[in-house]
Each structure stands twice: as C-alpha cells, then as structure tokens.
Amino acid sequence: MTKVYSKSPDVVFRKIADEFVLVPIRKNAADLESIYALNEVGGRIWELIDGHRTTVEIHKTIADEFDVTPDEAEEDLQNFVKSLAETGSIKES
Amino acid sequence: MERVHSVPQETYTAFSNSIHSKVLEKNIPIDGTIELTQRCNLKCVQCYCCHDPSKRELSYDEICRILDEIAEAGCLWLLITGGEPLLRPDFLDIYMYAKKKGFLITLFTNATLVTPEILDHLSKYPPFSIEVSVYGATKEIYEKITGVTGSFESCMAGIKLILDRKLPLKLKTMAMALNHHEVSQMKEWSEGMGIEFRFDAMLHPKLTGLKDPWDVRLSPEDAVALDGSDQKKLDAWREVCKHPWEPSQNGRLFTCGAGKNSFHIDPYGYLRPCDMMRTFSYDLRKHSFREAWVEMCSAVSVEKAPGDYKCRGCKMTFICNQCPGWGFLENGDIYSISENMCDVAQLRARKFGAGSGNTKGGMSNEEEILSKAQR
C-alpha cells in the first residue's frame, strides 16, 4: 500500500455531468476499443494519483471523504489500482 | 458510497445512453461538429456545402482555442468534417490536438486524399470512427456524381489503405437518381468486407438555399421504395411503426438536441445549433464558446411552434425527420416545413405499417402525393 503511481499520458480523464470517463488515446495504451466509466470514488482516486502521493495517502483521503470503512476503502483502492495498471492507464513510479 | 469497481468497461451503447440521459436537461454540449473547411476536391452534384473564398477559415490557433473551450464545456463526441477536412494542410495537427483533449472523434472524409503518412498517424491515435461516402459501385456512376475523373480509383485506394490499418471504418452513400440502382451493390460490397453500410435519400438544398441538389433527388415514392428494398431498413421501419409515439405537447419548435446538447461550428468560426440551421449564429472569434452556447441555448429554447405550424400535433412525427433546419433550408423559414419530407413520412407510414397518414398536422394524403408525382 505504499506504492506511488503515475498516470499514463496516453489516457485522458474527462468529467462530464458528474460522469467520470477515461479515454485512451494511443493504440498501445490500454484497450483502445474501450471507454472506461468510473464512479465517483474512482474519479476521485484518479484525481489523487499524481506521481507523488502514496497509496496510503490516497487511502486515507478516500476513507475520510467517503462514507466507507477503512477496510472497504483499502479493498476498493487495491482493486481499482490493479485494474488501472492492467489497462495501462497508470504505472508504478 | 458506491463501491469502486475494477474499471468497468461498459458497452458503448449503454454508456452512450447513460451519459446522454444525464446531460439531457443540463444543456451540456456533449455532441459537437466542427467543419474544418467547406472546400472540397470533389464537385458532387448533391452536395450542400458552398465554399466562399471571401471568408477566412479559422486558423490552427483559433481552432485549438475552440477545442479547449468545447472540451471544458463538456463535449465528448466530436465530428470532424468538411468540405473535405483532409484538404487542410494542418489537418493532422488539428486532429492530434483534438485527440489529446479526449474527444471521441468521428472523421468524415471522401477518402480520396488519405495517404500512408496520415493513416500511420491515425493508426497510432485512432479515431472513434471514420465514415467515408461512396457515391457509386462503378467508376462511371461515382464520377458522374463527383465530377472528377480518377476520383473513383482514389477513393477505392483510400478505403484499402484504411482497411489495411484496421481503422474503424463505416461506408455510406447519399442515394439519388443517379445512383439508386447501385445502392444494393454498394451495400453488398461493403458488408462483404465486414463494413457497416448505410444510405440516405433525403437531399436538402445548398446552404445558400439554391436547390440544385434537387435535380438528382429521388421522388418520395422512389425514396420509400428504396428503403423497402433493403431488408435491414425495412425491418427497422416496421419496428418503428410498431411503437409510434405521440407528438410532444410542449409546443417547442426544436424537438431534437440541436442547441440543447449538440452544436455545429462552421469553418469561419460561427456556432450554430446544427449544420442546416444558418440562423442563430454566434461568432466564436468574438465570443467564448461558453458565452455563445448559453445565448444560443436560450434563444433556441424559447422558440415555439406557431399556431399554424404544420407539424403541430402531427401523428406521423415518429416516422418523420422534419425539423426547423429543413424548413429553413428549403424555404428560408424555420417555421415552415419540407413538403418533400412530409410526403416521404406519409408514404413510409403506409408502406411500413403505421396505417393512414391522414393527420391533423396538415400532411398531404397519399392521393395528393401521387398527384404531385404525376405532375
């Protein structure tokens, strides 16, 4: 949980009408056939990933800002980060 | 809280429906079109575009500023079109700028000017979709429409280059008197390559109001017959006819998303509700997109259908594409209607199973249409 992640420059984050959308723009980044829709917490985690914050810090912010237990927040964060990494949207710094 | 899912990959349709329903009442301009130029290397007989050399096209910097602003305002789906957009020497720069803003880009092109260099770039940064108009299955018909010798070979070569790179391609045609006998052949050819194909027979006048495209327009009978000869269209229309919906009672003139969730920007920087509507014009060289959008939405939303508006209460609304844009282009009046569109809707209803077309909305009945056709 102490990892630091950076966003891929080949994925663009859009927030439209309270919807969070990840748009891959380069062929070898993630699955180009896909558009990724995030929920509110996912959108917030994406905003917090900046190449500096550790996952511990992000976890704390999520647990503070949303009505969720620390265990739930940790599980959600881990799953989400894993998925983002698998699609090439983020990488470990 | 909602639990965080592992980046949910929604199907496109579900995603599109979901986000469109969420922006519907918020006046978020989620669907945009930008015409990079009205110049074209072809001279198609049915084309509505009218290049005016006295007007100055938007520069690359001006387009980038507009792209920044429409992204900020919430545009997600962006259509890049023309004229022929590839005629702009800075096309790739504009495309890349738009791509990096995170738009889902559809590109309309005639494919005659695509080069390996352009397509290699598009392969790395793929558009959401490329749509190519083909005008005939044979060189003779294609070039009779485009008016340019050698354009058929250029188009075919362009399509091959696009296919070689496995870019997301769709083909389409405007069906008209010159090529309607080749529509099924074009469809067969396209679908044989696994490419989606569609056609449309509704030609409107040029943007200047000149009615030259009508010289090659199909009659309502031929247009509806063509739809009926295509199984996919036939099934679709029959399905539509099974679920007719009542016309809206809110009295609004604009019943589509134009000026509500969608917009059009011409090559000279004018924002409008749609490509057909040349009223409600806002100069983006003088105003920010947000200022112009708010003003346009407000102007469009207060437009009411007048008491004698022929579409008011018409029960054929569900099968008709009538809109103020058609009225404007055909008659120079947004409160008027396209008689041709009205006739087509009436015939569609009869042919595809929606019963009698006699309605309150002032639509002509079948006898009148046939009588017009005979004149």
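Let me sum up the structure you'll find in this document. (Residues numbered from 1 in each chain as written. Chains lettered and ligands numbered in written order. Predicted model: local features only at pLDDT ≥ 70, side-chain atom pairs only at ≥ 80, totals over all residues. Heavy atoms only, no water.)

Here the focus is the sheet that holds strand S3 (residues 104-109) of chain B. Residues and elements named next belong to chain B. Spatially, the nine strands line up as an open sheet ordered S6-S5-S4-S3-S2-S1-S7-S8-S9, and their pairing is mixed. What marks the edges here is a single partner per strand, and that holds for strand S6 (196-200) and strand S9 (282-283). As paired elements, strand S7 (residues 262-265) and strand S8 (residues 270-272) share two bridges and run antiparallel to each other. Among the inter-strand pairings, His264 is bridged to a residue of S8, identified as Arg272. Against the sheet, helix H6 (residues 151-164) makes contact with strand S4 (129-133) and strand S5 (169-174), and its axis sits at roughly 160° relative to S4, the strand it touches most. (Pairing = 2+ DSSP bridges. Helix = DSSP H or I, 4+ residues; strand = E, 2+ residues; numbered from the N terminus. Contact = heavy atoms within 4.5 Å. Axes fitted to C-alpha atoms, helices over the stretch in contact; angles between N-to-C directions.)

A word on the packing of aromatic side chains. The tally for this structure, following the rule as stated, stands at 11 aromatic pairs over all chains. Each ring, one from Trp237 of chain B and one from Phe352 of chain B, has its centre 6.2 Å from the other, and the planes form 5°; the classification is stacked. Of this pair, Trp237 of chain B sits in helix H9 (residues 231-242) while Phe352 of chain B sits in helix H12 (residues 339-352), and the two are 115 residues apart along the sequence. You'll find Trp237 of chain B and Phe352 of chain B in the same group, each marked buried. Aromatic rings pair up to connect Phe13, Phe20 and Trp46 of chain A into one cluster. The ring of Phe108 of chain B carries Lys172 of chain B above its face, with NZ or CZ at 3.2 Å from the centroid. Its end group placed over the ring of Phe199 of chain B, Lys233 of chain B keeps NZ or CZ at 4.3 Å from the ring centre. (Phe/Tyr/Trp six-rings, centres within 6.5 Å; stacked < 30°, edge-to-face > 60°. Buried < 20%, exposed > 50% of the residue type's maximum accessible area, 1.4 Å probe, protein only. Lys NZ or Arg CZ within 6 Å of the ring centre and 35° of its normal.)

When two helices pack together, their arrangement is given by the angle between the helix axes and by the axis-to-axis distance. Residue and element names in this part refer to chain B. Interaxial distance between helix H5 (residues 139-146) and H6 falls to 8 Å at its minimum, and their mutual angle equals 105°. Put simply, H5 runs roughly perpendicular to H6. For the pair H5 and H6, contact is made by Lys139, Tyr142, Glu143 and Thr146 and by Ser151, Phe152, Glu153 and Cys155, respectively. (Parallel < 35°, antiparallel > 145°, perpendicular 65-115°, else oblique.)

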